[in-house]
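So the chains spell out like this:
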Number of protein chains: 2
Amino acid sequence: MKERIAGRRPIGIFDSGVGGLTVLRALRRRLPGESFLYLGDTARLPYGTKSPGTVQRYALNAARHLVDHGVRLLVVACNTASSSALPELAAACPIPVVGVVEPGVRAALRLGASRIGVIGTEGTIRSGSYQSAIARLGEGVSVRAAACPLFVPLAEEGWGDHPVTDQVARHYLEPLLQWGAGALILGCTHYPLLRPSLERVAGPGVELVDSASAVAEAVARIPEAAAPSTSGSGAGEVYIHLTDASDHFLRVARMILDGPPRHLEVVHLGEG
Amino acid sequence: MKERIAGRRPIGIFDSGVGGLTVLRALRRRLPGESFLYLGDTARLPYGTKSPGTVQRYALNAARHLVDHGVRLLVVACNTASSSALPELAAACPIPVVGVVEPGVRAALRLGASRIGVIGTEGTIRSGSYQSAIARLGEGVSVRAAACPLFVPLAEEGWGDHPVTDQVARHYLEPLLQWGAGALILGCTHYPLLRPSLERVAGPGVELVDSASAVAEAVARIPEAAAPSTSGSGAGEVYIHLTDASDHFLRVARMILDGPPRHLEVVHLGEG
């Protein structure tokens, strides 16, 4: 590792790109003083349109990189990877692995809606991960899901509050709203960036569930997350590794993290 | 190679995904009876948002794969790779390498417009490849370029004739139309799939230049393309290699090639 991470071992966070920074932000708020190592697989994004086998291979590459860099806990902040590769990641990693699906579902169920809508990438929706978690955890709760392939590019374009996004959202959400969804799980870490348009289209009767803070709560309850700090040195730092240098990532990171990342490195993962 | 390509060595075509099939279609029309090996790097698409260094690495991987499989000529059907990696590919390959930029520019110049607009991915536009080819080849011709990041996802979504695409196109094209572009180069092989919306927005006074047939013409003029046939066996076949199994690719391929591909294989390129 080119840049040594001082002090106690960081918490690792992994996403295909920039979306997982919303989870990093929630984790920093919930666990201030912790250090984080965030890996964005920007050279191979997006994951949401790729096959489960390829997503598993990429996710295992990424997890190995983070484990090799000494993280003590792995947060899979990518919904597609959480949906397609969580058992494989848990089996391959000698540390606790936390996905985003179950925390998001638990947060939605706490709202008490009997009809829950889920939106996500093609990979996430096709995997059925949200649908089966709701069936398992929510008695008497029914679920409908919709893949929204244009939402990630719209978020990446910075059109989170834009008439085109409103129109696309109406197209994707209409069937869920007509059906009477009382809560809508944003099953992709990019989607909170579209919140202004999504709120306008969903209307006041539908609660939007962003899993970022639910994931932060789930992580905080894991003993490894709360291990006593050994040294103040390096604490509270955010280290970012990217597989491709990306101006776009930096722009969004600056916005989400309220400033430019201080420790940034471009890394090559190799093939799994 | 799992499936031997019989007869004379095929022409290799490479794209990040499905867009280059428009070039394959034009080549089959221009060179009927030829065999083609098409490689779509679907596991790592899109290229248009990634850094030049990463695009070069991926393009060299892809070219090596095609050369190893015996192609006698390489068509780089991806505008981003043509813009960022053509000299590197030409230096690394022992066969002729044809990109899409110069044929597209020559086709646009033949229309006689004094103001040419170029649209493409962020990577293509940032590279300045079209701008410098027009400056070099077109005396007294001026050029303006616009990156259109949402066009590839819209084409992938199948919204080539859709009010949302019209609205997005108006947003991206307005500055070029106001400026008075007489021709508009579709500097991305996905964009012909958006032609209905693009024609509506550009209006009858602007010629849309799709480089696919221009590339086919350029290829047909290369001696290696016209090498005498050694055997009828395997002639006229299309072999498709993908780095990720993709239902989406198959759907679009069926549409563009007027039927399902007969020879399809998922391959791993490894890292360059």
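So, how was this worked out
- Residues numbered from 1 in each chain as written.
- Chains lettered and ligands numbered in written order.
- Predicted model: local features only at pLDDT ≥ 70, side-chain atom pairs only at ≥ 80, totals over all residues.
- Heavy atoms only, no water.
- Salt bridge = Lys/Arg side-chain N within 4 Å of Asp/Glu carboxyl O.
- Helix = DSSP H or I, 4+ residues; strand = E, 2+ residues; numbered from the N terminus.
- Buried < 20%, exposed > 50% of the residue type's maximum accessible area, 1.4 Å probe, protein only.
- Pairing = 2+ DSSP bridges.
- Axes fitted to C-alpha atoms, helices over the stretch in contact; angles between N-to-C directions.
- Contact = heavy atoms within 4.5 Å.
- Buried area = accessible area lost by both parts, 1.4 Å probe.
- Polar contact = N/O pair within 3.5 Å; in protein donor to acceptor, adjacent residues only side chain to side chain.

Caption draft 1: Expanded view of the pattern of salt bridges. Residues and elements named next belong to chain A. All told, the structure shown has 18 salt bridges over all chains when counted by the stated rule. Close ionic contact of Arg136 with Glu102 constitutes a salt bridge, the shortest N to O distance being 3.7 Å. Here Arg136 is found in helix α6 (residues 129-137), whereas its partner Glu102 is found in helix α4 (residues 101-110), with 34 residues between them in sequence. Judged by relative accessible area, Arg136 falls into the exposed class, the value being 56%. Across the salt bridge formed by Glu199 and Arg195, the nearest N and O atoms sit 3.1 Å from each other. Here the residue Glu199 and the residue Arg195 both occupy positions in helix α9 (residues 195-202), the gap between them amounting to four residues, near one helical turn. On the basis of relative accessible area, Glu199 is assigned to the partly exposed category, the value being 43%. For Arg195, a relative accessible area of 26% translates into the label partly exposed.

Caption draft 2: The sheet that holds strand β5 (residues 115-120) of chain B, seen in detail. Residues and elements named next belong to chain B. If you walk across this open sheet you meet the four strands as β6-β5-β7-β8, and the pairing is parallel. The sheet is open, and its two borders are formed by β6 (142-147) and β8 (207-210), each paired with just one other strand. Put simply, the sheet's adjacent strands are angled 25° from each other on average, direction ignored. Sheet analysis places β5 next to β6, joined by six bridges and oriented parallel. If you follow Val118 over to β6, its bridge partner there is Ala145.

Caption draft 3: Looking closely at unusual backbone geometry. Residue A:Pro46 is reached from A:Leu45 by a cis peptide bond, and omega for that bond is -5°. Here B:Asp258, not a glycine, exhibits a phi torsion of approximately 60°, which is positive.

Caption draft 4: Broad picture of the interface of chain B and chain A. Counting from both sides, the interface comprises 28 residues of chain B and, opposite them, 28 residues of chain A. Approximately 2,300 Å² of surface area, both sides summed, lies buried where chain B meets chain A, with 55% of it carried by carbon and sulfur atoms. The largest per-residue losses of area from chain B upon contact with chain A belong to B:Leu150, B:Gln167 and B:Asp244, which jointly make up 20% of the total buried on that side. On inspection of chain B and its partner chain A, the count reaches 12 residue pairs in polar contact (both at pLDDT 80 or more). Counting residues per element, the ones that place at least two in the side of chain B that touches chain A are α2 (52-68), α7 (151-156) and α8 (163-179) of chain B. With six residues, the top contributor of residues to the side of chain B that touches chain A is α8(B).

Caption draft 5: Summary view of the side chain of A:His69. Relative to the elements of secondary structure, A:His69 occurs in the loop between α2 (52-68) and β3 (74-76). In terms of polar contacts, A:His69 uses its side chain to reach the backbone carbonyl oxygen of A:His65, at 2.7 Å.

Caption draft 6: Broad picture of the sheet that holds strand β1 (residues 11-15) of chain B. Residues and elements named next belong to chain B. Pairing in this open sheet of six strands is parallel, and the strands run β4-β3-β1-β2-β9-β10 from one edge to the other. Strands at the two margins of the open sheet, each flanked by one partner only, are β4 (97-98) and β10 (263-266). Inspection of the sheet shows strand β2 (residues 36-40) paired to strand β9 (residues 238-242) by five bridges, in the parallel sense. Across the sheet, the residue bridging to Tyr38 is Ile240, located in β9.

Scope: geometric values only; no functional claims are made or implied.
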